[in-house]
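# Summary of structural features
In case you want the letters, here they are:
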Amino acid sequence: SVGGRYKIDNTHASGLTVQVMTDATLNADSVVVAGSGLGSTNATLKADFTGSQVNIGGDLTLAPGGVLDLSSGAGTSGTLHLGGDFINQEDEAHFVDNHSTVVLNGASGQSVLNANSGEYFHDLQVNKPGGGVELTAPIIVRHELDLTQGIVYDTLTGTLVTLEATATAINA
C-alpha cells in the first residue's frame, strides 16, 4: 500500500516496468505512469496475472510514454478498481486491456478522459455509490459492460458508448 500518490516516471530510453504479481494488490491514493514523451512506451505498470489488482482511490493518469498493462493475452487478467478519473494522455494502445476488468467505484463524479478517438475496455463495470461517469470521448467495450450502480453520460453529442459485436450489457 502506498499512502499517497504512486508515480512511475522514466525519462530514459530504456524501459521501466513495475509488475503486480499473481494474487497481489497495489493500493494507492493516485497513480501516474509517465515515460520520456508522447508516443514512447518506456514506463509501464503491469498487473496482468490472474488475481493481480490495482486499487486506486483517486485518479489514474497515463502521461506521455506511460502504459497500463492489465492483459495476459488469454484467460483472466488483472483488475483495476478506480475511485477517481481515468486519464489517458496517449493513444488507446497505452492501455492494454485484453481480458481485464476495470471497475469505476468512486463515491462522487468520475471522468474517462482520453486524448484519442476511443478508449477500449475489455470488461467495464460501473458500480458507484454516488455521482456519475462523464465521458469526454468515445469508449468501446469488447466483452461486457456492467452498469451495476450509477450513470454514464457525456457532455458532447453523439454515440460515446459502443459495444463490439460479441459484447453484452448487463444491469442496463
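Given the structure is predicted, the values throughout are model-derived calculations rather than measurements.

Mapping Ser-71 onto the fold places it in the loop between strand S7 (66–69) and strand S8 (79–82). Separated by 3.3 Å, the side chain of Ser-71 and the backbone oxygen of Asn-98 make a polar contact. Setting aside residues up to four positions removed in sequence, Ser-71 forms contacts with Asp-48, Ser-77, Val-96, Asp-97 and Asn-98.

With that settled, consider the sheet that holds strand S10 (residues 95–96). Read from one edge to the other, the open sheet built from 4 strands follows the order S2-S4-S7-S10, with strand pairing classed as parallel. The open sheet has two free edges, formed respectively by strand S2 (16–19) and S10, since each of these has just one partner strand. In this structure, strand S4 (residues 43–46) lies alongside S7, joined through 4 bridges in parallel fashion. Paired with Ala-43 across the strands is Gly-66, a residue of S7.

On to the packing of aromatic side chains. Applying the stated criterion to the full structure yields 3 aromatic pairs. Grouping aromatic residues by their ring pairs yields a cluster made of Phe-86, Phe-95 and Phe-121.

Rules of the game
- Residues numbered from 1 in each chain as written.
- Predicted model: local features only at pLDDT ≥ 70, side-chain atom pairs only at ≥ 80, totals over all residues.
- Heavy atoms only, no water.
- Helix = DSSP H or I, 4+ residues; strand = E, 2+ residues; numbered from the N terminus.
- Polar contact = N/O pair within 3.5 Å; in protein donor to acceptor, adjacent residues only side chain to side chain.
- Contact = heavy atoms within 4.5 Å.
- Pairing = 2+ DSSP bridges.
- Phe/Tyr/Trp six-rings, centres within 6.5 Å; stacked < 30°, edge-to-face > 60°.

That's the geometry; what it means functionally is another story.
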